[in-house]
Amino acid sequence: MRVGVLTGGGDCPGLNAVIRAIVRKGVQEYDYDFVGFRDGWRGPLEGVSMRLDIPAVRGILPRGGTILGSSRTNPLKQENGIARIRENLAAQGVDALIAIGGEDTLGVAARLTDEHGVPVVAVPKTIDNDLSATDYTFGFDTAVGIATEAIDRLHTTAESHMRVLVCEVMGRHAGWIAIHSGLAGGANVILIPEHRFDVDQVCAWVTSRFKASYAPIVVVSEGAMPKDGDMVLKDESLDAFGHVRLSGVGEWLAKEIEKRTGKEARTTVLGHIQRGGTPSAFDRWLATRFGLHAIEAVRDGDFGKMVALRGTDIVRVPIADATARLKTVDMKLYEEVGVFFG
Ligand code: F6P
């Protein structure tokens, strides 16, 4: 059995831990061979691969990024994309493919396996934690830890200068990073994509916080939108899946707060710092278990499935279940944390 492995979409702490677990168990227990496809779907699309064996995965468990490289290549938008993938898999003698990715990468995986019969097993990854069918994706815990540490640090500057500090975190469609790090970091306002915000209300919270002699911290997801108006963007360019590149709402909001309250307001955009560097212990644990269960699914010939965390168990679900609908923050949860606003 020869198994192809690829990592697609934005990089994410824990990708290397998944790759290592797949290869270690595949070689040691099942005597499988592996081929590493480079840069997400670009690898099988263009036939670009690398050696993937036990020496290649040595020492990578704590390393961020991915040794396979990643990209947002969308084979469904390329001429004969699916046929080219099939040809390249056959040329490499690949019997099964493990795709590690988020909504977009796994959307392609679902089409390949369900409509074209390509034997694919999927592993969910995204720092945004917005994939359905799994309680958590790896990478999220690391991102929340980084954002929480940043918020802790912003508190001391906000208090020393009695200014508003806006912290923009990642989260395209879902405010999981904002709500977890905002709650853990004691933010005074948390704004998420699921709930359009009212700038006057934000200013009222900011003012009441100053009245209590404390400086406010506002955590805002990059995908959050004001009640009146559109998404605030710095750059309108699109990626290969047609997503606009986010960021800009933090800067815009700080200017609005300053204009409306007369208080100095500054912004910190955490950006790719949230995705970079070494994974947390939880993410290494989850990513490793996902890898072990993914290669087990290949061994069982259980294709078209994604490994998922349910409670403390790893289960298998149809890939399409994870991509059909995004997992967003429930309004009840958002209202629950509202007691700390202002
Ligand atoms: O994939 C998740 C994500 O982290 C989003 O929150 C963010 O909008 C996007 O990646 C940014 O991706 P890129 O670095 O490719 O622009």
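Bear in mind that the values here come from a model prediction, so they are computed numbers and not experimental data.

## Details of the overall build of the protein chain
Item 1. Summing up its helical and strand segments, the protein chain has 12 helices and 11 strands in all.
Item 2. Computed over its C-alpha atoms, the radius of gyration of the protein chain comes to 21 Å, within 12% of the 20 Å expected for a compact globule of 342 residues.
Item 3. Dimensions of the protein chain, computed from the C-alpha atoms along their principal axes, are close to 65 × 40 × 30 Å.
Item 4. Per-residue burial over the protein chain gives 55% buried out of 342 residues.
Item 5. Of the contacts formed within the protein chain by residues at least 6 apart in sequence, a portion of 75% connects residues at least 24 apart.

## Side note on the packing of helix α6 (residues 140-161) against helix α7 (residues 176-184)
In a pair of packed helices, the angle between the axes and the distance between the axes together describe the arrangement.
Item 1. Between α6 and α7, the least distance of the axes is 8 Å, while the angle of their chain directions is 45 degrees. When the axes of α6 and α7 are compared, the pair comes out oblique. Considering the relative orientation of α6 and α7, their crossing is right-handed. Facing Phe140, Ala143, Val144, Ala147, Thr148 and Ile151 of α6, the residues of α7 in contact are Trp176, Ile177, His180, Ser181, Gly182 and Ala184.
Item 2. For the contact of α6 with α7, the per-class residue count stands at eight nonpolar, four polar and no charged.

## Notes on the domain arrangement of the protein chain
Item 1. Domains assigned within the protein chain are domain 1 (2-138 + 279-324) and domain 2 (142-276).
Item 2. Each of domain 1 and domain 2 has a C-alpha centre, and the two are 32 Å apart.
Item 3. Contacts between the two partners involve 19 residues from domain 1, matched on the other side by 18 residues from domain 2.
Item 4. Of the roughly 1,500 Å² buried where domain 1 meets domain 2, counting both sides, 54% is carbon and sulfur surface.
Item 5. It is Arg72, Ile127 and Asp128 in domain 1 that bury the most area against domain 2; as a group they hold 36% of the surface buried on that side.
Item 6. On inspection of domain 1 and its partner domain 2, the count reaches one salt bridge.

## Some words on the site of the ligand
Item 1. Taken together, Arg72, Ile127, Asp128, Met170, Gly171, Arg172, Glu222, His272 and Arg275 form the complete shell of residues around the ligand.
Item 2. One of the side-chain nitrogen or oxygen atoms of arginine 172 is found 3.5 Å away from an oxygen atom of the ligand.
Item 3. Between glutamate 222 and the ligand, the recorded distance is 2.7 Å, taken from a side-chain N or O atom to an oxygen atom.
Item 4. About the coverage of the ligand: the protein hides 81% of its 400 Å² of free accessible area.
Item 5. Across the shell around the ligand, the residue classes break down as two nonpolar, two polar and five charged.
Item 6. When residues of the shell around the ligand are assigned to domains, at least three fall in each of domain 1 (2-138 + 279-324) and domain 2 (142-276).

## A closer look at the packing of helix α1 (residues 15-30) against helix α10 (residues 281-299)
Item 1. For the pair α1 and α10, interaxial distance at closest approach is 7 Å and the crossing angle is 40 degrees. Viewed along their axes, α1 and α10 adopt a mutual orientation that is oblique. Here α1 and α10 pass one another in a crossing that is right-handed. Contact residues: Ala17, Val18, Ala21, Ile22, Lys25, Gly26 and Tyr30 in α1; Arg284, Ala287, Thr288, Gly291, Leu292, Ile295, Glu296 and Arg299 in α10.
Item 2. Across the contact of α1 with α10, the residue classes break down as eight nonpolar, three polar and four charged.

## A look at the pairing of strand β11 (residues 313-318)
Two faces belong to every sheet, and in a regular strand the side chains alternate between them.
Item 1. Strand direction decides the pairing type here: strand β10 (residues 305-310) and β11, joined by six bridges, are antiparallel. Its bridge partner being in β11, lysine 305 is matched across the sheet by proline 318.
Item 2. Adjacent in sequence and paired antiparallel, β10 and β11 are bridged by two residues, among which glycine 311 carries a positive phi angle near 65 degrees.

## Regarding the side chain of lysine 327
Item 1. Here lysine 327 shows up in the loop between α11 (319-323) and α12 (331-337).
Item 2. At 2.9 Å, the side chain of lysine 327 forms a polar contact with the backbone oxygen of aspartate 135.
Item 3. Sequence-distant contacts of lysine 327, defined by excluding residues within four places in its chain, comprise Asn129, Asp130, Leu131, Ser132, Thr134, Asp135, Tyr136, Ala174 and Trp176.

## What to know about the pairing of β10
Item 1. Pairing of strand β5 (residues 120-124) with β10, which is carried by two bridges, proceeds in the parallel orientation. By the bridge assignment, valine 121 is partnered in β10 with lysine 305.

## Some words on the sheet that holds strand β6 (residues 164-169)
One key point about sheets: their strands pair by backbone hydrogen bonds, in either a parallel or an antiparallel sense.
Item 1. Read across the open sheet, the four strands follow the order β7-β8-β6-β9; overall the sheet is parallel. Among the strands making up the open sheet, the edge pair consists of β7 (189-191) and β9 (265-269). Going from strand to strand, the sheet's axes swing by 20 degrees on average, the running direction of each strand aside.
Item 2. Looking at chain direction, β7 and strand β8 (residues 217-221) are connected through three bridges and run parallel. The residue of β8 that forms the bridge with valine 189 is valine 218.
Item 3. Docked against the sheet, α7 engages β6, β7 and β8, running at close to 170 degrees with respect to β7.

Each value, and the rule that gives it
- Residues numbered from 1 in each chain as written.
- Predicted model: local features only at pLDDT ≥ 70, side-chain atom pairs only at ≥ 80, totals over all residues.
- Heavy atoms only, no water.
- Helix = DSSP H or I, 4+ residues; strand = E, 2+ residues; numbered from the N terminus.
- Rg over C-alpha atoms; globule rule 2.2 N^0.38 Å.
- Buried < 20%, exposed > 50% of the residue type's maximum accessible area, 1.4 Å probe, protein only.
- Contact = heavy atoms within 4.5 Å.
- Axes fitted to C-alpha atoms, helices over the stretch in contact; angles between N-to-C directions.
- Parallel < 35°, antiparallel > 145°, perpendicular 65-115°, else oblique.
- Left-handed = near helix turned anticlockwise from the far one by under 90°.
- Nonpolar A, V, L, I, M, F, W, Y, C, P; charged D, E, K, R; others polar.
- Domains from an automatic or database assignment.
- Buried area = accessible area lost by both parts, 1.4 Å probe.
- Salt bridge = Lys/Arg side-chain N within 4 Å of Asp/Glu carboxyl O.
- Near = heavy atom within 4 Å.
- Polar contact = N/O pair within 3.5 Å; in protein donor to acceptor, adjacent residues only side chain to side chain.
- Areas by Shrake-Rupley, 256 points an atom, 1.4 Å probe, with all protein chains shown as cover.
- Pairing = 2+ DSSP bridges.

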